[in-house]
Each structure stands twice: as structure tokens, then as C-alpha cells.
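An overview of the molecular structure
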Amino acid sequence: MSAVIQEAYVQGVSTRSVDDLVQSFGMSGISKSQVSRLCGEIDDKINNFLDRPLEGDWPYVWLDATYLKVREAGRIVSVAVTIATGVNGDGRREVLGMAIGASEAETFWAEFLRSLCRRGLRGVKLVISDAHEGLKAAITKVLHATWQRCRVHMMRNLLAHAGRQGRGVVAAFVGTAFAQDDAASAKAQWRQVTDQLRPKAAKLTAMMDEMEEDVLAYMGFPKEHRTKIHSTNPIERLNGEIKRRTDVR
């Protein structure tokens, strides 16, 4: 029964609902403190997983953070939960690590990345993340890898400066760069689109000038990989699942 309770807790079932589950098995029930004690045994398994050696090369790494409410010294505070996932040379995707901090400052990201390197993270060619300045600086200093700015977040930021009437046109124009077959063609198309929009959208095209290299970085990698490495969508689904399971706590 303890294994069932632990699995239910991991799947996001609240302590009160765990009690209902136990009673549905015809047992007398279980207190919140008993559930907490049983689920505390999961901590050792989690720590062993997060401290495990990272073997082989990990050419693609996704980094992101999500904010959760936690109890700290009797108060409810918001903390940043940073997560790294990666794909190794065999195409296997894994959660590489997780850390909790007060914010997404560069020092925190840098230490998180160094901890991954100490565990054996190597062979990183491309890091995909949102355009957080602290994270970008940490990637440059610690991993020395190419950075891919999340294409989805980029488009949201870009279209916010396009105006309601111009969003459809801008999205279609920019999309033609992403439809190219190679990096050189994508960059040429990006510049052409930027120059076409420049007379009527100076602020928007200034942003496009600045982000060109970072948002098209994935085009320099194998075509069959590009649909997975141009955005943080893979790790954001994980963030959503973390929020779902922690909201009931």
C-alpha cells in the first residue's frame, strides 16, 4: 500500500485525496502526517536521480524556469524552479537537472550549469531557452555553446510591436524565413523581410536586426532536428506538468 500511496502523491493527488483512496480499498484511512512520512522516502530517490552522473555527449539542451509558491518560515513565497533537459547522441531525451532559487539571476543560473558540468555534462552544441539576460550570460560563460532563442517567445514579442492590423502580415513575412532549407537562405530571407518592413515599422525591424543570429541558430543543425530545437516547447510541457502536480499541495 505504501507504494500505491507514493505513486498517487507523485501523480499529483493531494494528501486529503490519498486518504479517500486508502478508504476506497476498505482500510480505515491514513492521516496527512502518515502520507507526508511515506512520501518523504521519495526524497532520497529524487536526490539520487538529480545527482546521477551524466554520461556521453548531450548536443541539445533546453533550459527554462517556472515559478511556484512554497512555504518558507511560515510564509508563502514564490521561488524559481530551474530545469534542464537534454537529448544525447542516441536521441534519448532526459531531465538533466533541477534547482530551486529565489530568482533567475545570472549567478544562480551559472552555478546550476556548473553543477551539471561537474556531473559530466559535455558535448553541448546548442542551448535553447527564452531570452533571459542572466541565463544568456551564464550559457556563454559556462557552456560555450550556440544559443537558440525560443522562436515561439520571439514571435510573441515581435507581434506585440506589430499592431493589431499588422500582426498577420508580419507573422506571414517572418514565417518565410523559417521555411527556407538552409541557414544561408534563411538569413537572406530574414534580411529581405526586415528591409521590406523597415519603412513602416522601425522599432519592430530594429528588434529583428538584433535577434537574427539567435533566432535562426537552429538552421545550422540537421533539418530533421529543427522542429524540436527551435523553441522551448518540449520543456514547457514539463513545466506545465510540474505546476499541475504542485498546485494541489
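Residues numbered from 1 in each chain as written. Predicted model: local features only at pLDDT ≥ 70, side-chain atom pairs only at ≥ 80, totals over all residues. Heavy atoms only, no water.

Considerations on the pairing of strand β2 (residues 75-87)
Condition: In this scheme, a residue with accessible area under 20% of its type's maximum is buried, one over 50% is exposed, and one in between is partly exposed, where area comes from a 1.4 Å probe on protein chains only. In DSSP terms, a helix is any run of H or I states spanning at least four residues, a strand is any run of E spanning at least two, and both are numbered starting from the N terminus. Pairing between two strands is assigned when DSSP locates at least 2 bridges connecting them.
Along β2, ten of the 13 residues are buried, which leaves the element largely enclosed by surrounding structure. Relative to β2, strand β1 (residues 60-72) runs antiparallel, the two sharing 13 bridges. From the neighbouring strand, W62 faces β2, where its bridge partner is T85. The hairpin formed by β1 and β2 contains two residues between the paired strands, and A73 there has a positive phi angle of roughly 55°. Bridging between β2 and strand β3 (residues 93-101) involves eight bridges; their strand directions are antiparallel. By the bridge assignment, V81 is partnered in β3 with I100.

Re the pairing of strand β4 (residues 126-129)
In plain terms, the rule: Assignment of crossover handedness uses the view with strands pointing away from the viewer, where a clockwise path from the first strand over the helix to the second indicates a right-handed crossover.
Of the two faces of β4, the one lined by L126 and I128 and the one lined by V127 and S129 are each fully buried. Sheet analysis places β1 next to β4, joined by three bridges and oriented parallel. The residue bridging W62 from the neighbouring strand is I128, located in β4. Sheet analysis places β4 next to strand β5 (residues 146-149), joined by four bridges and oriented parallel. The residue bridging V127 from the neighbouring strand is W147, located in β5. Note on the crossover from β4 through helix α6 (residues 133-143) to β5: the handedness is right-handed.

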